[in-house]
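Letter by letter, the chains look like this.
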Amino acid sequence: MVPPRPPIKERPMQRHWIHAWLLLTPAFVFLLAFTHIPALTTLWQSFRTTPRGRRPSRWAGLENYQELISDPIFWKVLGNNIWFAIGTIPTSILIALVMALWVSERLPGRGFVRMAYFTPTVLPMIAVANIWLFFYTPGFGLFDQITGFFGFGQSNVLGSPKTALVGVMVVTIWKEAGFFMIFYLAALQTIPPSLIEAARIEGAGPWTIFRRVTFPLLMPTTLFIGVNAVVNAFRMIDHIFVLTGGGPDNASSLLLYYIYETAFRFWDTSYAASLTVVLLALLALLALGQFFFLDRKVHYK
Amino acid sequence: MTRALNITGAWMLALIWVLPLAYAIWTAFHPAAYEARFDLFAPVTFENFAKAWEAAPFARYFLNTFVLVTVILIGQFILCTLAAYAFARYRFPGRDVLFALVLVQLLVMPDILIVENYKSIRYLGLVDTIAAIALPYIASGFGIFLLRQTFLSVPKELEEAAQIEGMSSLGIMLKVYVPLALPTYLAYGLVSVSHHWNNFLWPLIITNSVETRPVTVGLQIFASIDSGVEWSVINAATLMTSGPLLIAFLLFQRQFVQSFMRAGIK
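Residues numbered from 1 in each chain as written. Chains lettered and ligands numbered in written order. Predicted model: local features only at pLDDT ≥ 70, side-chain atom pairs only at ≥ 80, totals over all residues.

Caption draft 1: Main features of the overall build of chain A. Helix and strand content of chain A: 13 helices and zero strands. N-terminal to C-terminal, the α/β element order of chain A is α-α-α-α-α-α-α-α-α-α-α-α-α. The C-alpha atoms of chain A give 25 Å as radius of gyration, which overshoots the globular expectation for 301 residues (19 Å, by more than 25%). The 301 residues of chain A split such that 38% are buried. For chain A, restricting intrachain contacts to residue pairs at least 6 apart in sequence, the fraction spanning at least 24 positions comes to 68%. (Helix = DSSP H or I, 4+ residues; strand = E, 2+ residues; numbered from the N terminus. Rg over C-alpha atoms; globule rule 2.2 N^0.38 Å. Buried ≥ 20, exposed ≤ 12 C-beta atoms within 10 Å, placed from the backbone. Contact = placed C-beta atoms within 7 Å.)

See below:
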């Protein structure tokens, strides 16, 4: 047994931690000012009324939350957001995984294929949404031209309450899959080829290898991507401004978009604060839930 | 057999993935008459770009975005380096609590706290300035976390050697840690630049004049006027705003992909 190395000579403790705090001060001034304190004041404001004209803000107790419970648009938007998450997260993760598996193999023109998958990620969402808006234009855009070619009539994907949200989801999946692919690619590179080789010698087919070796080893990555995807599903609303403006009749509005409208179109900042509290609570809950639920299934090396 | 299937699948998906973009590029480079009609021999033109450039002050928007992205990047590098160094190399009371507070920002982002942040900026009298767009993002929890992880992997022997030579702790940070973390800085820099080049909601809220608007907001205002701007012109403007990033990406594809990977896995 080799004796453990003696620790490095510690500098005097006192000076030590003053140094550390000084180093941290600039970052924490900004962190507190624009993240932690606003999060707390949001909670505070959600219990108060919005100041209007001469009437100053006053304590409102749970009024904002009562309004929220009886607000049909809130429930609609919340439902939309949940559907949006269910519709985009598993699909984009699955596509990302397939992309990564394809690109990590020897493939003719691999550089082009990888670029094609990844390019949407680097483009501004606002620009991408404009491209898709054109793509979806009824009777005119490529979408209708392709469906028309197969004998379907004109369709107004974004203008119909039934399909508007789906149209928005497709754009999201298109934009996000390539981003998630990168993380899978990185993870795939860390899997030792000998493991796959050993499985093959044992007579395992490609599907068994994927199911029993590759996929379990990718689990931490899946968890990481999942958390990212959840946060994005509740944060990414840029494309809604361009594609639908939340319409028709709030059919494609999401929670953060509704917060934006409430605060900056109707200037009801207190109600917007209570909506933000719901969003924050939802995010925290989902992150925790995902962490504990998936954590048990994650295979750590 | 499986291999052929895989290749076909990979290529099919790749073609579907580039289709919207390719279509936009095609219309942007052809006269408006061809925007709904595919013709291989349609004349190529740059007129759409010229029209878009004249129709809105894009030059100014580009300048604004450039200043914005630079300010944020410099601010983030300085603040995150100092904080990450403290977390990686010091033991002090409250370290774990403070680090947890940093991690909170990965979930509770300034992007969501728009209402209260708008109030703070108004209180500071900074509405409609480029500084106002940058301020909430200057201290990045993600950046601190990433740099701390990198700093932790620096061998202690290097620090000891520098101490023996009589370097101060700030000197050690600048001469030992920062140079060794350069790949992480590159990775984080690329991610940060592309993120803030693309950012939209907060700049939309906090700016209201040509002098401060970044390209994303400028593009949205240009594309949403009802005056019936031709699609080919809008597409040209769209490509123009993503152009610098797209070109940079195509040139440095390897670094980009690796940077995003590096930023993600650590």
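Caption draft 2: Just the overall build of chain B, in detail. If you tally the helices and strands in chain B, you get 14 helices and zero strands. Against the globule reference of 18 Å for 266 residues, chain B gives a C-alpha radius of gyration of 23 Å, more extended than a compact globule. By principal-axis analysis of the C-alpha atoms, chain B measures approximately 75 × 65 × 30 Å. Taking all 266 residues of chain B together, the buried fraction comes to 45%. For chain B, contacts bridging at least 24 residues in sequence account for 78% of all contacts bridging at least 6.

Caption draft 3: View of the domain arrangement of chain B. Residue and element names in this part refer to chain B. Taken as a whole, chain B is organised into domain 1 (1–45) and domain 2 (54–265). Computed over C-alpha atoms only, the centres of domain 1 and domain 2 are separated by 33 Å. In this assembly, seven residues from domain 1 lie in contact with seven residues from domain 2. Of the residues belonging to the side of domain 1 that touches domain 2, the class tally is four nonpolar, two polar and one charged. (Domains from an automatic or database assignment. Nonpolar A, V, L, I, M, F, W, Y, C, P; charged D, E, K, R; others polar.)

Caption draft 4: Geometry of the environment of E230(B). Residue and element names in this part refer to chain B. With respect to the element layout, E230 can be found in the loop between α12 (215–223) and α13 (231–251). Exposure remark for E230: the 16 C-beta atoms within 10 Å place this residue in the partly exposed category. Expressed as a C-alpha distance, the spacing of E230 and H195, which sit 35 residues apart in the sequence, is 29 Å.

Caption draft 5: Here's a closer look at the confidence of the model for chain B. For chain B, per-residue confidence averages 86 on the pLDDT scale, and residues scoring 70 or more make up 92% of the total. Model confidence for the complex is summarised by a pTM of 0.87, with the ipTM given as 0.87. (pLDDT = per-residue confidence, 0-100.)

Caption draft 6: Broad picture of the interface of chain B and chain A. Across the boundary between the two partners, chain B contributes 74 residues, which contact 70 residues of chain A. In terms of residue count, helix α1 (residues 2–28) of chain B provides more of the side of chain B that touches chain A than any other element does, 14 residues in total. Partitioned by chemical class, the residues of the side of chain B that touches chain A number 53 nonpolar, 17 polar and four charged.

Caption draft 7: Fine view of the environment of A127(A). The topology assignment puts A127(A) in helix α5 (residues 125–136). Separated by 92 residues in the primary sequence, A127(A) and M219(A) place their C-alpha atoms 33 Å from one another. If sequence neighbours within four positions are ignored, A127(A) has contacts with L219(B), T238(B), T241(B) and S242(B).

Caption draft 8: Structural view of the nonpolar core. One finds A96(A), M181(A), Y184(A), L256(A) and A83(B) to be the most contacted residues of the largest nonpolar core, which totals 152 residues. Of all the elements, helix α7 (residues 164–190) of chain A adds the most residues to this core, at 15 residues. Residue assignment places this core across two domains, with domain 1 (1–45) and domain 2 (54–265) of chain B each supplying three or more. Those residues in contact with A83(B), other than ones at most four positions away along the chain, are L23(A), L24(A), A27(A) and I144(B). (Core = buried A, V, L, I, M, F, W, Y, C linked by C-beta atoms within 7 Å.)

Caption draft 9: Inspection of the environment of A88(B) at higher detail. Residue and element names in this part refer to chain B. Note that A88 resides in helix α3 (residues 58–89). By the C-beta count within 10 Å, which is 18 here, A88 ends up partly exposed. A sequence separation of 66 residues divides A88 from V154, and the C-alpha atoms of the two residues are 9.6 Å apart. What A88 contacts, discounting residues up to four positions off in sequence, is R148, F151 and L152.

Caption draft 10: How the structure looks around the packing of α5(A) against α13(B). Viewed as axis vectors pointing N to C, α5(A) and α13(B) meet at an angle of 155 degrees, and their least axial separation amounts to 9 Å. What the angle tells us is that α5(A) and α13(B) run roughly antiparallel. For the pair α5(A) and α13(B), the crossing hand works out as left-handed. Residue-level contacts link A127(A), N130(A), I131(A) and F134(A) of α5(A) to W231(B), I234(B), N235(B), T238(B), T241(B) and S242(B) of α13(B). Across the contact of α5(A) with α13(B), the residue classes break down as five nonpolar, five polar and no charged. (Axes fitted to C-alpha atoms, helices over the stretch in contact; angles between N-to-C directions. Parallel < 35°, antiparallel > 145°, perpendicular 65-115°, else oblique. Left-handed = near helix turned anticlockwise from the far one by under 90°.)

Caption draft 11: Just unusual backbone geometry, in detail. Unusually for a residue other than glycine, N250(A) sits at a positive phi of about 60 degrees. The residue N250(A) is located in the loop between α11 (238–243) and α12 (255–264) in this model. Using a count of 20 C-beta atoms within 10 Å as the deciding quantity, one classes N250(A) as buried. Residue D128(B) is not a glycine yet carries a positive backbone phi of 65 degrees. Structurally, D128(B) can be placed in the loop between α5 (114–123) and α6 (130–134).

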